[in-house]
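# Working through the structure, step by step
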Amino acid sequence: GVDCNGWRIVKDSLDEEGTKTKNQGSITLEYKSCVGPAALAINLAQPFIDDLRIELGEDTAGKITVEVKSSSRMGASDLSVNKKRLEYLGSSLRKKGWSIP
(Lines give C-alpha, C1' and ligand atoms only; values in the text may rest on other atoms or scores of the structure.)
Protein backbone atom coordinates (compact mmCIF):
# COMPACT_ATOMS: atom_id res chain seq x y z
CA GLY A 1 0.00 0.00 0.00
CA VAL A 2 0.86 3.65 -0.10
CA ASP A 3 1.76 3.80 3.58
CA CYS A 4 4.26 0.93 3.60
CA ASN A 5 6.74 2.84 5.80
CA GLY A 6 4.04 3.23 8.44
CA TRP A 7 2.98 6.17 10.53
CA ARG A 8 3.84 7.88 13.80
CA ILE A 9 2.22 10.40 16.13
CA VAL A 10 3.94 13.78 15.85
CA LYS A 11 1.57 15.86 18.00
CA ASP A 12 -1.14 14.86 20.47
CA SER A 13 -3.27 17.31 22.44
CA LEU A 14 -6.16 14.92 23.15
CA ASP A 15 -5.15 14.44 26.78
CA GLU A 16 -3.88 17.96 27.51
CA GLU A 17 -5.17 19.93 30.48
CA GLY A 18 -7.12 23.10 29.76
CA THR A 19 -9.52 21.87 27.11
CA LYS A 20 -13.15 22.79 27.75
CA THR A 21 -14.33 19.19 27.71
CA LYS A 22 -12.76 15.77 27.47
CA ASN A 23 -14.00 15.56 23.87
CA GLN A 24 -11.72 18.26 22.50
CA GLY A 25 -8.24 18.30 21.08
CA SER A 26 -6.34 17.02 18.11
CA ILE A 27 -3.76 14.50 17.04
CA THR A 28 -1.41 14.71 14.06
CA LEU A 29 0.01 11.61 12.39
CA GLU A 30 2.86 11.43 9.89
CA TYR A 31 2.62 8.82 7.12
CA LYS A 32 5.61 7.75 5.01
CA SER A 33 5.32 6.23 1.56
CA CYS A 34 7.37 3.46 0.02
CA VAL A 35 10.46 4.44 -1.90
CA GLY A 36 9.12 3.63 -5.34
CA PRO A 37 9.90 4.98 -8.81
CA ALA A 38 8.44 8.43 -8.09
CA ALA A 39 10.43 8.85 -4.89
CA LEU A 40 13.58 7.63 -6.63
CA ALA A 41 13.07 10.04 -9.54
CA ILE A 42 11.96 13.25 -7.83
CA ASN A 43 12.53 12.94 -4.06
CA LEU A 44 16.19 11.86 -3.86
CA ALA A 45 15.16 8.29 -2.96
CA GLN A 46 13.40 9.47 0.20
CA PRO A 47 9.81 8.50 1.08
CA PHE A 48 7.07 11.06 0.58
CA ILE A 49 5.61 12.31 3.87
CA ASP A 50 1.95 13.19 4.43
CA ASP A 51 0.27 14.63 7.51
CA LEU A 52 -3.11 13.47 8.84
CA ARG A 53 -4.78 15.67 11.47
CA ILE A 54 -7.80 14.55 13.49
CA GLU A 55 -9.66 17.20 15.50
CA LEU A 56 -12.30 16.42 18.13
CA GLY A 57 -14.91 18.93 19.23
CA GLU A 58 -18.57 19.35 20.09
CA ASP A 59 -21.41 20.94 18.17
CA THR A 60 -23.98 23.25 19.77
CA ALA A 61 -26.06 20.26 20.88
CA GLY A 62 -23.08 18.74 22.69
CA LYS A 63 -22.63 15.99 20.10
CA ILE A 64 -19.03 14.93 19.43
CA THR A 65 -17.64 16.04 16.07
CA VAL A 66 -14.57 14.70 14.28
CA GLU A 67 -12.76 16.58 11.50
CA VAL A 68 -10.05 14.85 9.48
CA LYS A 69 -7.55 16.56 7.18
CA SER A 70 -4.82 14.88 5.15
CA SER A 71 -2.16 16.73 3.16
CA SER A 72 1.13 16.18 1.41
CA ARG A 73 4.20 18.06 2.56
CA MET A 74 5.68 18.24 -0.93
CA GLY A 75 4.51 18.69 -4.48
CA ALA A 76 1.50 19.90 -6.38
CA SER A 77 -0.07 16.45 -6.69
CA ASP A 78 -0.04 13.33 -4.55
CA LEU A 79 -1.67 11.07 -7.17
CA SER A 80 -4.78 10.87 -4.92
CA VAL A 81 -2.90 9.16 -2.07
CA ASN A 82 -4.48 11.38 0.61
CA LYS A 83 -7.95 10.86 -0.85
CA LYS A 84 -7.44 7.08 -0.87
CA ARG A 85 -6.23 7.15 2.74
CA LEU A 86 -9.28 9.13 3.91
CA GLU A 87 -11.66 6.90 1.95
CA TYR A 88 -10.05 3.83 3.54
CA LEU A 89 -10.36 5.30 7.04
CA GLY A 90 -13.97 6.37 6.37
CA SER A 91 -14.89 2.91 5.07
CA SER A 92 -13.34 1.28 8.15
CA LEU A 93 -15.28 3.60 10.47
CA ARG A 94 -18.58 3.02 8.59
CA LYS A 95 -18.16 -0.72 9.20
CA LYS A 96 -17.97 0.09 12.92
CA GLY A 97 -21.22 2.10 12.81
CA TRP A 98 -19.88 5.64 12.40
CA SER A 99 -21.79 8.17 10.29
CA ILE A 100 -19.39 9.47 7.62
CA PRO A 101 -20.39 12.10 5.02
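How each quantity is defined
- Residues numbered from 1 in each chain as written.
- Predicted model: local features only at pLDDT ≥ 70, side-chain atom pairs only at ≥ 80, totals over all residues.
- Heavy atoms only, no water.
- Salt bridge = Lys/Arg side-chain N within 4 Å of Asp/Glu carboxyl O.
- Helix = DSSP H or I, 4+ residues; strand = E, 2+ residues; numbered from the N terminus.
- Buried < 20%, exposed > 50% of the residue type's maximum accessible area, 1.4 Å probe, protein only.
- Phe/Tyr/Trp six-rings, centres within 6.5 Å; stacked < 30°, edge-to-face > 60°.
- Lys NZ or Arg CZ within 6 Å of the ring centre and 35° of its normal.

### A short note on the pattern of salt bridges
In the structure shown here, the tally under the stated rule is eight salt bridges. Across the pair Glu30 and Arg73 runs a salt bridge whose closest N-O atoms are separated by 2.8 Å. In this pair, Glu30 sits in strand β2 (residues 25-32) while Arg73 sits in the loop between β4 (64-72) and α2 (81-95), placing the two residues 43 residues apart along the sequence. In this structure Arg73 comes out as partly exposed when scored by relative accessible area, which is 46%. Here Lys83 ties to Glu87 by a salt bridge, and the two come within 3.9 Å at their closest N and O atoms. Of this pair, Lys83 and Glu87 both sit in helix α2, four residues apart, which is roughly one turn of the helix.

### Concerning the packing of aromatic side chains
Counted by the stated rule, this structure contains zero aromatic pairs. In this structure, Arg85 packs its charged tip against the face of Tyr31, placed 4.2 Å from the ring centre.

By themselves, these figures tell us nothing about what the structure is for.
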